[in-house]
Amino acid sequence: MQSQLIEIKLANISPSFKDTNTQIIREFWEDAIKVLSASNLIIMPYKTAQQNYLIEIDASDVISYLKAVEVCEHDPAVFCQRMSEQMELGYHMLNSILKLQLKYEQGNETEQDRLHVVVSKFLQQLFLAMNLALPGSITVHSAEYLEPNALEPNFSSLLSSTPGIQLNVLKPPEMSGSSLESAFIHALNRGWPPLAQIPFQTVWSWLSEELPYSLDLAEKPHHKALFTLLRITSTQTNETDTILLIAQALEALFVDGKEGIGSTLKQRLELVLGTPKSHKNWFSKFYSRRSQIAHGSMPILRPNNLYDWDEPSIEEFIQEFYEPIDEAVAVLLAVLQDLIRNNAREYCFMQEVFRPNRYNQQAEETKNNEI
């Protein structure tokens, strides 16, 4: 049995918003790690690969960091001590280290290629589970392997030492939880859609059953919704893509991906989540953006953040996306939480036809008039 320790440096692990209670995040991490430690974390990365990989997780440093953040307002010396310890170890003071111990049968050199995939898919699963249970509880933004060469195959190490040949440094998938945290906080303040913290065990059990690591092509509606969460939290996804991805996921869940039936989608969404008491025009604003993008009437922004941030028209263009995206992300999270609570994977909307007999109807009307 081969064993390998993979250490991942996480940046910005603490909550992004002041309204988020760091103690709740820290306690949630502690509970999640207990669940994961008691689980059999076996990963088969591909359908065609028979090799299984066992993962043991150690998040003690992450929890230690969150504890330091939690008490720093009351006792700054604690956080200063934490920063000093991190700097002595050669880490950035705002980073925390997540340790994954991989165990697998000794294979050939190609097996080493899969380690990065195994670790990345596990991080995606962990990211989904934690953020579905408590949105904003984890972010994998700007994550790095402490020893990237540990995940490279042997021949890559040889090539990297060859003059004139440069290889891309492997990095974990970058997923930011700040948009999920924002959607969660604003939904709680508005009172809609219904979002709440749910037990990590409940989410992890559902996700382990419903989303196998070997699934790479989402065809079922709930798989599309889960992959959409991964896509919209990726640093590579822009605002227009986010609108389209969320719309596609909701259409797949509620209207079988059919075009031109926005009113049915809205009706079924509110049948599941309830009707908002305020901001009742959220759907029309969101769907208007979706239609403008899909049909080509929406302007297109220069990619790679090379545009002029001081240009008023650019700032206005970007600002107009924030609210519709924030509300739509909250709706997507609420829908997935609803499925998880009910241990379900899809919705089935029944349609009934009732034809009242006109004679019975007249008799009923006469009876009501007499009353």
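Here is a short report on the structure shown in this document. (Residues numbered from 1 in each chain as written. Predicted model: local features only at pLDDT ≥ 70, side-chain atom pairs only at ≥ 80, totals over all residues. Heavy atoms only, no water.)

1. Structural notes on the side chain of Glu181
For Glu181, the position within the fold is in helix α6 (residues 178–190). Glu181 gets classed as buried once you look at its relative accessible area, which sits at 2%. Residues contacting Glu181, with those up to four places away along its chain left out, are Pro15, Ser16, Phe17, Thr20, Pro135 and Gly136. (Helix = DSSP H or I, 4+ residues; strand = E, 2+ residues; numbered from the N terminus. Buried < 20%, exposed > 50% of the residue type's maximum accessible area, 1.4 Å probe, protein only. Contact = heavy atoms within 4.5 Å.)

2. Focus on the pattern of salt bridges
In the structure shown here, the tally under the stated rule is eleven salt bridges. Glu7 is the salt-bridge partner of Lys99, the closest N and O atoms lying 3.9 Å from each other. With a gap of 92 residues between them, Lys99 in strand β4 (residues 95–104) and Glu7 in strand β1 (residues 2–11) connect regions that are remote in the sequence. Owing to a relative accessible area of 30%, Lys99 belongs among the partly exposed residues under this scheme. Across the pair Glu320 and Arg289 runs a salt bridge, and its minimum N-O distance is 3.1 Å. In this pair, Glu320 sits in helix α12 (residues 312–341) while Arg289 sits in helix α11 (residues 282–294), placing the two residues 31 residues apart along the sequence. Judged by relative accessible area, which is 36%, Glu320 ranks as partly exposed. (Salt bridge = Lys/Arg side-chain N within 4 Å of Asp/Glu carboxyl O.)

3. Points about the environment of Glu239
Residue position: Glu239 is located in helix α9 (residues 239–254). Each C-alpha atom, one on Glu239 and one on Ile325, is 7.9 Å from the other, the two residues being 86 residues apart in sequence. With residues near it in sequence (within four places) discarded, Glu239 still touches Ile318, Phe321 and Ile325.

4. Looking at helix α7 (residues 200–210)
By the burial criterion, the buried members of α7 are Phe200, Val203, Trp204, Trp206, Leu207 and Glu210. Looking straight down α7, one finds its buried side chains confined to an arc of 165°; they lie on one side. (Arc of directions from axis to C-beta.)

5. Examining the side chain of Lys121
With respect to the helices and strands, Lys121 occurs in helix α4 (residues 109–133). If sequence neighbours within four positions are ignored, Lys121 has contacts with Pro45, Tyr46, Tyr213, Ser214 and Asp216.

6. As for the environment of Thr233
For Thr233, the location among the structural elements is in the loop between α8 (221–232) and α9. Accessibility expressed as a relative area gives 3% for Thr233, which makes it buried. On a C-alpha basis, the gap between Thr233 and Ser178 in space is 8.4 Å, while along the polypeptide they are 55 residues apart. Among all residues touching Thr233, those that are not within four sequence positions of it are Phe127, Glu174, Met175, Ser176, Ser179 and Leu180. In terms of polar contacts, Thr233 uses its side chain to reach the backbone carbonyl oxygen of Leu229, at 2.7 Å. Only 3.2 Å separates the side chain of Thr233 from the backbone oxygen of Leu230, close enough to count as a polar contact. (Polar contact = N/O pair within 3.5 Å; in protein donor to acceptor, adjacent residues only side chain to side chain.)

7. Focus: the packing of aromatic side chains
Across all of its chains, the model carries 13 aromatic pairs by this definition. Here Tyr53 and Tyr104 contribute two aromatic rings whose centre-to-centre distance is 5.4 Å and whose plane-to-plane angle is 45°, an arrangement assigned as tilted. Here Tyr53, found in strand β3 (residues 53–58), pairs with Tyr104, found in strand β4; they are 51 residues apart in sequence, far enough to count as distant. One exposure class covers both Tyr53 and Tyr104, and it is buried. Where Phe283 meets Tyr287, the ring centres are 5.0 Å apart and the plane angle is 15°; that geometry is what we call stacked. With Phe283 and Tyr287 both in helix α11, this residue pair falls four residues apart, about one helical turn. Exposure class is identical for Phe283 and Tyr287. Each is buried. Among the aromatic side chains, those forming a connected cluster through ring pairs are Trp192, Trp282, Phe283, Phe286 and Tyr287. (Phe/Tyr/Trp six-rings, centres within 6.5 Å; stacked < 30°, edge-to-face > 60°.)

8. Considering the layout of surface pockets
Counted as a void, the largest pocket has a volume near 1,100 Å³. Lining the largest pocket are 33 residues; nearest its centre among them are Thr235, Thr237, Asn238, Glu239 and Thr242. Here the lining of the largest pocket gets seven residues from one element, more than from any other, and that element is α12. Among the residues forming the lining of the largest pocket, the class breakdown is 14 nonpolar, 15 polar and four charged. (1 Å grid on protein atoms, 1.4 Å probe; cavity = no way out; pocket = protein on both sides within 12 Å on 5 of 7 lines; lining within 4 Å. Points joined across faces, edges and corners; volume = space filled by probe spheres on them. Nonpolar A, V, L, I, M, F, W, Y, C, P; charged D, E, K, R; others polar.)

9. Structural notes on α11
With 13 residues, α11 extends 18 Å between its outermost C-alpha atoms, agreeing within 8% with the 18 Å of an ideal straight helix rising 1.5 Å per residue. Where α11 is concerned, the buried positions are Trp282, Phe283, Phe286, Tyr287, Arg289, Arg290 and Ile293. Axial view of α11: buried residues confined to an arc of 150°, hence all on one face. As for α11, its buried residues are in contact with α9, α10 (262–273) and α12. In the stretch just after α11, Gly296 is the one whose phi turns positive, near 90°. (Expected span 1.5 Å × (residues − 1).)

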